[in-house]
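Here's the letter readout for the chains.
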Amino acid sequence: MVNSIDIIFKIAGVGILVAVLNAILKHAGKEEQGHIVTLAGLAIVFIWVIQLLAILFDQVKSVFKLF
């Protein structure tokens, strides 16, 4: 399993990157593209969280032997 601190740093990195890109695009007058970048970053983080939740549920099922 991925170390918990690694996933926190990955999420923080995506957040910082999205914030910088959004600020650059907003300053350039391209707010629509900034919104798309924000939604893409959010989708990436949600995919990571959903994968981690799937691993968690598999571990809970194995602990309680709920097949």
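Use the structure listed above.
Reference entry: report on the structure contained in this document. (Residues numbered from 1 in each chain as written. Predicted model: local features only at pLDDT ≥ 70, side-chain atom pairs only at ≥ 80, totals over all residues. Heavy atoms only, no water.)

## Focus on the packing of aromatic side chains
Here the structure, examined in full by the defined rule, presents 0 aromatic pairs. Over the ring of W48 we find K10; its NZ or CZ atom is 6.0 Å from the centre of that ring. (Phe/Tyr/Trp six-rings, centres within 6.5 Å; stacked < 30°, edge-to-face > 60°. Lys NZ or Arg CZ within 6 Å of the ring centre and 35° of its normal.)

## Brief notes about helix α2 (residues 31-64)
Between its terminal C-alpha atoms α2 stretches 49 Å, which fits the 50 Å expected from 34 residues at 1.5 Å a residue. Looking at the buried positions of α2, the neighbouring elements they touch are α1 (4-27). (Helix = DSSP H or I, 4+ residues; strand = E, 2+ residues; numbered from the N terminus. Expected span 1.5 Å × (residues − 1). Contact = heavy atoms within 4.5 Å.)

## Re α1
Given a rise of 1.5 Å per residue, 24 residues ought to cover 34 Å, and the 35 Å separating the end C-alpha atoms of α1 matches this to within 8%. Along α1, the positions that sit buried rather than exposed are I7, V14, V18 and L25. On its buried face, α1 is in contact with α2. Looking at the residues trailing α1, positive phi occurs at G29, about 85 degrees. (Buried < 20%, exposed > 50% of the residue type's maximum accessible area, 1.4 Å probe, protein only.)

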